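What follows is the residue order along each chain.
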Amino acid sequence: MSEESFSLICFPAAQIPDISITGHISLQKNIVHLQYRLTGSLEEILLPSASIHPGRKDNLWKSTCFEFFLAIKDHPHYWEFNMSPSGDWNIYHMDEYRRIGFRQETSIQRLPFEFQEDPAGLTLEARADLHPLLPPNQFLAFGITAVIQTVDHAQTFWALAHPAAVADFHLRESFILELAEQVPLSSQPGRGG
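Residues numbered from 1 in each chain as written. Predicted model: local features only at pLDDT ≥ 70, side-chain atom pairs only at ≥ 80, totals over all residues. Heavy atoms only, no water.

## A look at the pattern of salt bridges
- Using the criterion set out here, one finds five salt bridges in the structure.
- One salt bridge in this structure joins Asp95 and Arg103, with 3.2 Å as the shortest N-O distance.
- What makes Asp95 partly exposed here is its relative accessible area of 32%.
- Residue Arg103 is classed as partly exposed on the basis of its relative accessible area, which comes to 35%.
- Arg98 is paired through a salt bridge with Asp168; the nearest N and O atoms lie 2.8 Å apart. Linking Arg98 in the loop between β7 (89–94) and β8 (103–104) with Asp168 in the loop between β12 (155–159) and β13 (177–180), this pair joins segments that are 70 residues apart in sequence. (Salt bridge = Lys/Arg side-chain N within 4 Å of Asp/Glu carboxyl O. Buried < 20%, exposed > 50% of the residue type's maximum accessible area, 1.4 Å probe, protein only. Helix = DSSP H or I, 4+ residues; strand = E, 2+ residues; numbered from the N terminus.)

## What to know about the pairing of β12
- Of the pairings in the sheet, the one linking strand β2 (residues 9–10) to β12 comprises two bridges and is antiparallel in character. When the bridges of β12 are listed, Ile9 appears paired with Ala159.
- Relative to β12, strand β11 (residues 139–149) runs antiparallel, the two sharing five bridges. Bridge pairing links Ile148 to Thr156 in β12.
- Turn length for the β11-β12 hairpin, with the two strands adjacent in sequence and antiparallel, is five residues, and the turn residue His153 shows positive phi of about 70 degrees. (Pairing = 2+ DSSP bridges.)

## Observations concerning the packing of aromatic side chains
- Tallying each qualifying case throughout the model produces ten aromatic pairs.
- Taking 5.8 Å as the distance between ring centres and 75 degrees as the angle between the ring planes, the aromatic pair formed by Phe6 and Tyr36 counts as edge-to-face. Taken together, the positions of Phe6 in strand β1 (residues 2–7) and Tyr36 in strand β4 (residues 31–40) put the pair 30 residues apart, joining distant regions of the chain. Grouping residues by exposure puts Phe6 and Tyr36 together as buried.
- With 6.3 Å between their ring centres and 40 degrees between their planes, Phe68 and Phe142 make a pair best called tilted. Pair noted here: Phe68 is in strand β5 (residues 65–72) and Phe142 is in strand β11, with a separation of 74 residues, a long-range link.
- The class of Phe68 is buried, set by a relative accessible area of 1%.
- Under the relative-accessibility criterion, Phe142 is labelled buried at 0%. (Phe/Tyr/Trp six-rings, centres within 6.5 Å; stacked < 30°, edge-to-face > 60°.)

All quantities given are derived from atomic positions and should not be read as evidence of function.
As structure tokens, this is what we get:
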């Protein structure tokens, strides 16, 4: 298993909520486990209402939404995963930067995740089975992001890195977290076990 912890930083804005977003991500058997933890002044955050029938929806980023991007290292195509506290979700595939070849990723019909709120903070835990998207044992680059809407309806943009003068989650320079599954020595060519 390959695992990393992370902490997101906010793109400079006039009013940034007094919060922190941390978490961890792991990759095992081509399944991504991801946990976000948002703590701080939760009263500053506006959450979307719970969906009566949660499912695949567009434009989730217009309100508070947790996202991650993944690509096979050194390949141009990539995927965007959106998860809303409402319970709604979506996955998109792009052939190259931003909307080149942009389409919904229909090979995944379900994106299991759970959103919980407690006095100490908010937690989102997700599990994404990558088998429909790519073969196992790839070297993957991740961009982990969040759009946080404040109670005054301002949007703030959080990511591992902000390499441009504008907030842009699609820039490959922000896919800075890399995970690769460890292949057991016994399964490598030319090795006994």
